[in-house]
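What follows is the residue order along each chain.
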Amino acid sequence: MMMSSLNLSGSYGYRLTPQERNSNIAARFDQGNSMECLKSTSSYSGRMHSSSYSMSKNFQGRNGKGPKGIEVISPKISPSTIVSSGSGLGLLLDAYDDEYGGVIIEPENLPSNASAFASILQTSLLNWKLKGKKGVWLKILQEQADLVPIAIMEGFDYHHADRGYIMLTYWIPNDEPCSLPEGPTHQIGVGGFVMNGNNEVLVVKENVCPCQCSGVWKLPTGFINKSEEIFSGVVREVKEETGIDTEFLEVVAFRHVHKVAFEQSDLFFVCMLKPLSFDITIDEKEIQAAKWMKIDEFLSQSFYQEDHMSKRVIDVCMATYENSYSGFINLHLTSKFDGKLSCLYYNDEYMAKKF
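Residues numbered from 1 in each chain as written. Predicted model: local features only at pLDDT ≥ 70, side-chain atom pairs only at ≥ 80, totals over all residues. Heavy atoms only, no water.

K.L.:
Got a minute to help me understand the confidence of the model for the protein chain in this structure?
P.N.:
The predicted structure's coordinates, where accompanied by low pLDDT, should not be read in detail. Residues with a pLDDT of 70 or more make up 72% of the protein chain, whose mean pLDDT is 77. Mean pLDDT across the secondary structure elements of the protein chain bottoms out at strand E4 (residues 70-75), with 29, and peaks at strand E7 (residues 135-141), with 98. In the model, residues 1-90 has pLDDT below 50 throughout and makes 202 contacts with residues more than four positions away in sequence or in other chains. (pLDDT = per-residue confidence, 0-100. Helix = DSSP H or I, 4+ residues; strand = E, 2+ residues; numbered from the N terminus. Contact = heavy atoms within 4.5 Å.)

K.L.:
Mind showing me how you'd approach the environment of Ile244 here?
P.N.:
For Ile244, the location among the structural elements is in the loop between helix H5 (230-242) and strand E13 (246-257). Residue Ile244 is classed as buried on the basis of its relative accessible area, which comes to 0%. Sequence separation between Ile244 and Asp279 is 35 residues, and the spatial gap between their C-alpha atoms is 6.7 Å. Not counting chain neighbours up to four residues away, the residues in contact with Ile244 comprise Leu202, Val238, Lys239, Ser277, Phe278, Asp279, Ile280 and Trp292. (Buried < 20%, exposed > 50% of the residue type's maximum accessible area, 1.4 Å probe, protein only.)

K.L.:
What is the right way to look at the sheet that holds strand E12 (residues 221-223) in this model?
P.N.:
By way of backbone hydrogen bonds, the strands of a sheet pair with one another, either parallel or antiparallel. Taken together, four strands build an open sheet; the order of strands is E12-E10-E14-E13 and the sheet is mixed. Looking at which strands have only one partner, the edges of the open sheet turn out to be E12 and E13. For this sheet the average axis-to-axis angle between neighbouring strands, irrespective of direction, equals 25 degrees. The pairing of strand E10 (residues 186-194) with strand E14 (residues 265-275) spans nine bridges and is classified as parallel. Residue pairing for E14: Val194 is matched across the bridge by Leu273. Strands in contact with H5 are E10, E12, E13 and E14; relative to E10, the strand with the most contacts, it is inclined by about 65 degrees. (Pairing = 2+ DSSP bridges. Axes fitted to C-alpha atoms, helices over the stretch in contact; angles between N-to-C directions.)

K.L.:
What is the right way to read unusual backbone geometry from this model?
P.N.:
Trans is the common state for peptide bonds, and a negative phi is the common state for residues other than glycine. The backbone of Asn199 shows a phi angle near 60 degrees, a positive value even though the residue is not glycine. Along the polypeptide, Asn199 turns up in the loop between E10 and strand E11 (200-206). Overall, Asn199 belongs to the partly exposed group, its relative accessible area being 35%. The phi torsion at Asn323 lies on the positive side, around 65 degrees, for a residue other than glycine. For Asn323, the position within the fold is in the loop between helix H8 (308-321) and strand E16 (329-334). Judged by its relative accessible area of 70%, Asn323 is exposed.

K.L.:
I tried to follow the sheet that holds strand E6 (residues 103-105) on my own but got confused; where do I start?
P.N.:
Taken in spatial order, the five strands make up an open sheet running E5-E6-E7-E9-E8, and their pairing is mixed. With one partner strand each, in any of the chains shown, strand E5 (95-97) and strand E8 (157-162) form the two edges of the open sheet. Across the sheet, the mean angle separating the axes of adjacent strands is 20 degrees when strand polarity is ignored. Relative to strand E9 (residues 165-171), E8 is paired through five bridges, and the arrangement is antiparallel. In the sheet register, His160 faces E9, and the bridge partner there is Met167. Against the sheet, helix H3 (residues 114-130) engages E5, E6, E7 and E9, with an angle of about 160 degrees to E7.

K.L.:
Can you walk me through the packing of aromatic side chains in this structure?
P.N.:
Aromatic ring pairs are defined here through the distance separating the ring centres and the angle between the ring planes. Enumeration according to the criterion identifies seven aromatic pairs in this entry. Between Phe156 and Tyr170, the aromatic rings sit 5.0 Å apart at their centres with planes inclined by 45 degrees, giving tilted as the arrangement. On the criterion of sequence distance, the pair formed by Phe156 in the loop between helix H4 (148-153) and E8 and Tyr170 in strand E9 is long-range, its members being 14 residues apart. Comparing Phe156 with Tyr170, the two get one shared label, buried. Aromatic side chains Phe248 and Tyr345 sit 6.3 Å apart centroid to centroid with 85 degrees between the ring planes, which places their arrangement in the edge-to-face category. With Phe248 in strand E13 and Tyr345 in strand E17 (residues 341-346), this residue pair connects regions lying 97 residues apart in the sequence. Take Phe248: its relative accessible area is 11%, and that puts it in the buried class. (Phe/Tyr/Trp six-rings, centres within 6.5 Å; stacked < 30°, edge-to-face > 60°.)

K.L.:
Would you explain H5 in this entry?
P.N.:
One full turn of an α-helix is made of 3.6 residues, so residues set three or four places apart face in the same direction. Here H5 spans 18 Å end to end across 13 residues, near enough to the 18 Å set by a 1.5 Å rise per residue. Buried residues of H5: Ile230, Phe231, Gly233, Val234, Arg236, Glu237, Val238, Glu241 and Thr242, and no others. One or two positions beyond H5, positive phi appears at Gly243, with a value near 80 degrees. (Expected span 1.5 Å × (residues − 1).)

K.L.:
Would you mind showing me how to read the environment of Gln142 here?
P.N.:
Relative to the assigned elements, Gln142 resides in the loop between E7 and H4. Sequence separation between Gln142 and Tyr165 is 23 residues, and the spatial gap between their C-alpha atoms is 5.1 Å.

Next comes the structure, spelled out in structure tokens:
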């Protein structure tokens, strides 16, 4: 039984259900007519809340995606902000303001009933438009996946997804371009350059790699994990692939390339590491072989003679090893911008001279 309804009263006197509003509203009303009043009534904890608005119809969803419902012209009475946490019976979705004039909807308190969600979502968007809000962030958990098509039909766009949820966004103003930030755009990789006292570099052959790199001895590389630092990620990758313990010294170079895996951009950081152990134990799932190789033998491979990017990377690493080039060390600092401890990478050669 639905305890919350949206009443559309106009010259035709219809009372529409959420399904009628989403599917049949264009057929029921001629676009030239206007509806005079929206009255929303909700029963919550034994109390009644109502609000009325002057309205005009807007049947087409954003980007032609389907019926969008109603566009508010001017308020007569401000809507109640009381919500029903998790029950779906409240007038508005449970949400809080962000720092940029938008709202963030609480995913844990979304109505579990799809029809209730459709109705309350429309009412909430009307309320936020009246208040001059801009961006709306809607996080839908995996177990709430049946709500995604409803939000898309209402005009929400996909922003990003991760394990367990999808994030959708909605831009309210029609008279200014959307200023919401794009979703995640980069993957981050690391490579470790490790030299021992015998002028040998730690190298690996991977089980699976692009055909142009097949059979090539290369530096240990990999992707950093979510919320992992560059310096700790490269130490972990070298350990996992070769069994060698290392200490991070500095970032010596990084490469930036676009439209690689799934059209995402890629940042790859080359790091100088100091070996703390020397006995190799490979990860047979990823690595075919690993060894300490003389640097001249390593550079004599045809791949490094033909690939200018890789050759330059090794040249920079060798210059760093020979103390003729200085990269970026890491320093943990807390910023007042967000109050979080973060890692700053910088060249300390000038700082050492100054202080």
